[in-house]
Amino acid sequence: MADSSYPLPPDVYTCLLCEDVLREPVTIPCGDTYCLECIKIYWDQCDHVGVYSCPQCRATFTPRPVLRRNVPNVTQERRHLPELTPFPHLQRESLCDFCVGRRSKAVKSCLMCLAYYCETHIKPHYESATFKRHKLVDETGHLDRKICPQHEKGLELFCRSDKMCICVLCTVREHRGHNIISAEEERAEKQKSLVGTQTEVQHIIQERLKELQELRHNVDVLKGAGQRALTESDKTFNEMLLAVERWHAEVNQLVKANMQSAMSQAEGYVERLEQEIMELQRRDAELRQILETEDNIHFLQNFPTLCVPPEPMVPKVLINPQFSFSEMSKTATDMKEHLDDICKKELSKISKRVNETPVYILLPRSGEKQIKAPSRVDYTEPKKREDFLKYACRLTFDPNTAYKELVLSEGNLRVTRKKAVQFYPDHPERFDGFSQVLCREALGGFRYYWEAEWGGEFSIGVAYKSISRKGKNSNSLLGYNDKSWSLLCSDSGYSAWHNKMDKDLPGGPRATRIGVYLDYAARTVAFYSVSDTMELIHKFQGQFSEPLYAGFGVGSSVSLCQLKENNIPY
């Protein structure tokens with residue numbers, strides 16, 4: 001927890017683009033921070049290239065990162081953290097011991113003279129041979145801590161037996177016969193350990209920044225799902241008789257209450273994760289300063305408190321795959337079909353399930369006390385088709401992505417390739433080089449399952465929204481780049497493709513129905529042949545960094561199968 005007794009001055013937060021105090025600060029994926037308007041204008045100039053870089057470290061990003069203000073407002077006193085002021089308890093301004101009258105600020109201290117010097121009075125130490133053997137260090141205050149309290153000599157040695165800094169006279173009596181080396185040698189050895197600690201802290205910072213970005217995205221997806229559930233609920237209930245309007249109000253209240261609760265929890269998790277990141281940044285700044293100091297004694301005295309790796313403060317937060325607003329839309333449709341008595345039964349059932357299912361799963365980090373997982377969350381891998389159907393999702397083809405020879409029908413659940421060119425309007429997301437189409441729904445943070453029936457050679461897989469849509473090259477072909485994973489199906493066999501790497505798969509009967517199981521949290525996507533039984537064709541292990549979209553390469557036709565639990569299609 002940050003100590004509010006050391007508030008940061010506003011000028012600590014400076015934008016590298018405008019060189020002024022940060023206004024609406026944002027942190028981009030590499031960890032650097034800029035004004036929202038400054039980085040927006042800077043990246044607007046890169047839109048024609050499609051590759052966006054950090055002005056400081058030159059890290060590149062594709063697609064353009066979404067900018068959200070995620071650095072604390074410096075005017076909010078409760079967020080003040082001393083992350084850029086390492087060792088605030090040791091910071092003390094010292095004055096020159098040789099100034100007459102108004103004393104200037106000291107810039108160096110001499111371990112031989114045991115005195116502070118300003119820029120003017122330090123010059124003899126650089127110019128005169130008399131002071132050639134004197135040891136000058138950066139002024140950090142507390143010169144008295146560099147003097148032996150017993151012999152009033154400068155501390156130049158380190159006693160490994162007693163783990164303390166000592167002077168030359170200490171070796172005669174108090175530390176006689178001990179394991180003694182120079183402070184420089186001890187610092188060189190301990191610095192290796194401290195560099196390792198700093199590397200670990202920097203790695204944790206990057207992990208937490210990535211987690212924060214993913215959490216924010218998943219919260220947005222969750223909020224969007226809640227909004228869609230409300231919209232579909234409104235549409236369904238408007239078609240029902242006035243006699244069931246009271247159920248409409250209850251369902252809406254249930255969705256809104258859970259969405260409000262989810263958003264409230266998310267704000268707490270995001271704030272805690274931001275807090276941990278700032279604590280880690282403060283720790284990194286402390287390590288950077290101690291590693292750069294020329295003062296060996298200062299280094300060694302602070303080493304024990306800095307070499308200990310930081311303990312995690314916040315559990316890892318995932319969106320619970322068991323929590324889904326789509327259940328509300330399904331229930332509303334059932335209520336319309338079965339009227340008042342069935343409505344009472346179904347609404348009672350779904351209300352109990354939604355209220356008992358947590359929105360977020362808190363996973364313990366290494367070294368933390370184990371957190372008991374929610375009893376309703378199933379972490380086991382699905383085995384039977386009924387297990388997969390628990391994660392069945394409703395997908396529809398996106399007309400804006402369809403190739404010019406593809407015709408969508410049956411409510412965008414079927415796509416057929418025609419020889420005639422269709423007069424689709426121009427759209428930046430439309431594939432213009434290959435006979436491909438993506439689905440409209442974003443998939444991220446959860447488990448998903450869907451099935452498709454095919455005719456003629458086709459490919460089925462998943463892709464990032466950032467996959468190229470233009471040109472006849474590998475950047476826009478499903479499975480031939482690092483933004484997509486696909487299974488190519490034909491009468492002669494199967495082959496798996498990712499990033500131009502293909503793998504021919506063992507032979508066997510060719511199923512006309514293919515099932516796809518995406519476990520986003522586990523970073524896997526698997527393909528199954530579906531008939532009387534389910535057989536695994538291939539499983540990819542990926543490193544997903546964006547939401548995924550179901551994608552298809554169409555040779556003749558593809559139909560999305562509308563699924564329901566217990567193997568009952570609808």
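Computed from a predicted model, the values in this text were never measured in an experiment.

Focus: the nonpolar core
Logical step 1: Core analysis: the largest hydrophobic core is formed by 94 residues, its most contacted members being Phe397, Trp450, Ile460, Leu487, Ile514, Val525 and Phe552.
Logical step 2: No other element matches the 16 residues that helix 4 (residues 245–292) contributes to this core.
Logical step 3: Among the nonpolar cores identified, the runner-up in size contains 14 residues, and Val26, Ile28, Cys30 and Ile39 belong to it.

Some remarks on the pairing of strand 25 (residues 557–561)
Logical step 1: The buried fraction of strand 25 amounts to five of the five residues, a majority that puts the element mostly inside the structure.
Logical step 2: The side-chain alternation of strand 25 yields two buried faces, one formed by Ser557, Ser559 and Cys561 and the other by Val558 and Leu560.
Logical step 3: Of the strand pairs in this sheet, strand 14 (residues 414–417) and strand 25 are connected by three bridges, and their pairing is antiparallel. Counterpart to valine 415 in the pairing with strand 25 is valine 558.
Logical step 4: In terms of strand pairing, strand 16 (residues 447–455) meets strand 25 through five bridges, oriented antiparallel. Within strand 25, the position partnered with glutamate 453 by the bridge is serine 559.

Some points on the packing of helix 3 (residues 183–238) against helix 4
Logical step 1: Contact geometry for helix 3 and helix 4: axes closest at 9 Å, N-to-C directions at 165°. Compared by their axis directions, helix 3 and helix 4 come out roughly antiparallel. The hand of the helix 3/helix 4 crossing is left-handed.
Logical step 2: Taken together, the residues of the contact of helix 3 with helix 4 sort by class into 27 nonpolar, ten polar and 13 charged.

So, the packing of helix 3 against helix 5 (residues 296–306)
Logical step 1: As a packed pair, helix 3 and helix 5 sit with axes 10 Å apart at the nearest point and diverge in direction by 40°. The angle between helix 3 and helix 5 places the two elements in the oblique class. For helix 3 against helix 5, the interelement crossing comes out left-handed. Of the residues in helix 5, those touching helix 3 at Ala183, Glu184, Glu186, Arg187, Lys190, Gln191, Ser193, Leu194 and Thr197 are Asn296, Ile297, Phe299, Leu300, Phe303 and Leu306.
Logical step 2: In terms of residue class, the contact of helix 3 with helix 5 is built from seven nonpolar, four polar and four charged.

Quick look at the confidence of the model for the protein chain
Logical step 1: Overall, the predicted model of the protein chain reaches an average pLDDT of 80, with 83% of residues at or above 70.
Logical step 2: Element-level mean pLDDT values for the protein chain span from 62 in strand 12 (residues 360–363) up to 96 in strand 15 (residues 436–438).
Logical step 3: In this model, residues 1–12 is a region of pLDDT below 50 whose contacts with residues beyond four sequence positions or in other chains number 21 contacts.
Logical step 4: The low-confidence segment residues 565–570 (pLDDT under 50) makes twelve contacts with residues lying over four places distant or belonging to another chain.

A word on the sheet that holds strand 24 (residues 548–554)
Logical step 1: Spatially, the six strands line up as an open sheet ordered 15-24-17-18-19-20, and their pairing is antiparallel. The strands lining the two open edges of the sheet, one partner per strand, are strand 15 and strand 20 (501–504). Taken pair by pair, the neighbouring strands of this sheet meet at an average axis angle of 20°, ignoring direction.
Logical step 2: Pairing of strand 15 with strand 24 involves three bridges; the strand directions are antiparallel.

Topic: the layout of surface pockets
Logical step 1: Approximately 1100 Å³ is the volume attributed to the second largest pocket.
Logical step 2: Looking at the second largest pocket, it is lined by 31 residues, and the ones nearest its centre are Pro29, Pro65, Gln213, Ser545 and Glu546.
Logical step 3: For the lining of the second largest pocket, the secondary-structure elements that each account for two or more residues are strand 1 (25–27) and helix 3.
Logical step 4: The leading source of residues in the lining of the second largest pocket is helix 3, at ten residues.
Logical step 5: Here the lining of the second largest pocket is composed, by residue class, of 13 nonpolar, nine polar and nine charged.

Here's the deal with the pairing of strand 13 (residues 406–409)
Logical step 1: Residues of strand 13 alternate between two faces, with Leu406 and Leu408 buried on one and Val407 and Ser409 left unburied on the opposite face.
Logical step 2: Note: strand 13 against strand 14, four bridges, orientation antiparallel. From the neighbouring strand, leucine 408 faces strand 14, where its bridge partner is valine 415.
Logical step 3: Hairpin connection from strand 13 to strand 14: four residues lie between these consecutive antiparallel strands, with glutamate 410 at a positive phi of about 55°.

A short note on helix 1 (residues 36–44)
Logical step 1: Listed in full, the buried residues belonging to helix 1 are Cys38, Ile39 and Trp43. One side of helix 1 holds all its buried residues, which, seen down the axis, span an arc of 120°.
Logical step 2: For helix 1, the elements touching its buried residues are strand 1, strand 2 (33–35), strand 3 (52–53) and strand 4 (60–61).

What counts and how
Residues numbered from 1 in each chain as written. Predicted model: local features only at pLDDT ≥ 70, side-chain atom pairs only at ≥ 80, totals over all residues. Heavy atoms only, no water. Core = buried A, V, L, I, M, F, W, Y, C linked by side-chain atoms within 4.5 Å. Buried < 20%, exposed > 50% of the residue type's maximum accessible area, 1.4 Å probe, protein only. Helix = DSSP H or I, 4+ residues; strand = E, 2+ residues; numbered from the N terminus. Pairing = 2+ DSSP bridges. Axes fitted to C-alpha atoms, helices over the stretch in contact; angles between N-to-C directions. Parallel < 35°, antiparallel > 145°, perpendicular 65-115°, else oblique. Left-handed = near helix turned anticlockwise from the far one by under 90°. Nonpolar A, V, L, I, M, F, W, Y, C, P; charged D, E, K, R; others polar. Contact = heavy atoms within 4.5 Å. pLDDT = per-residue confidence, 0-100. 1 Å grid on protein atoms, 1.4 Å probe; cavity = no way out; pocket = protein on both sides within 12 Å on 5 of 7 lines; lining within 4 Å. Points joined across faces, edges and corners; volume = space filled by probe spheres on them. Arc of directions from axis to C-beta.

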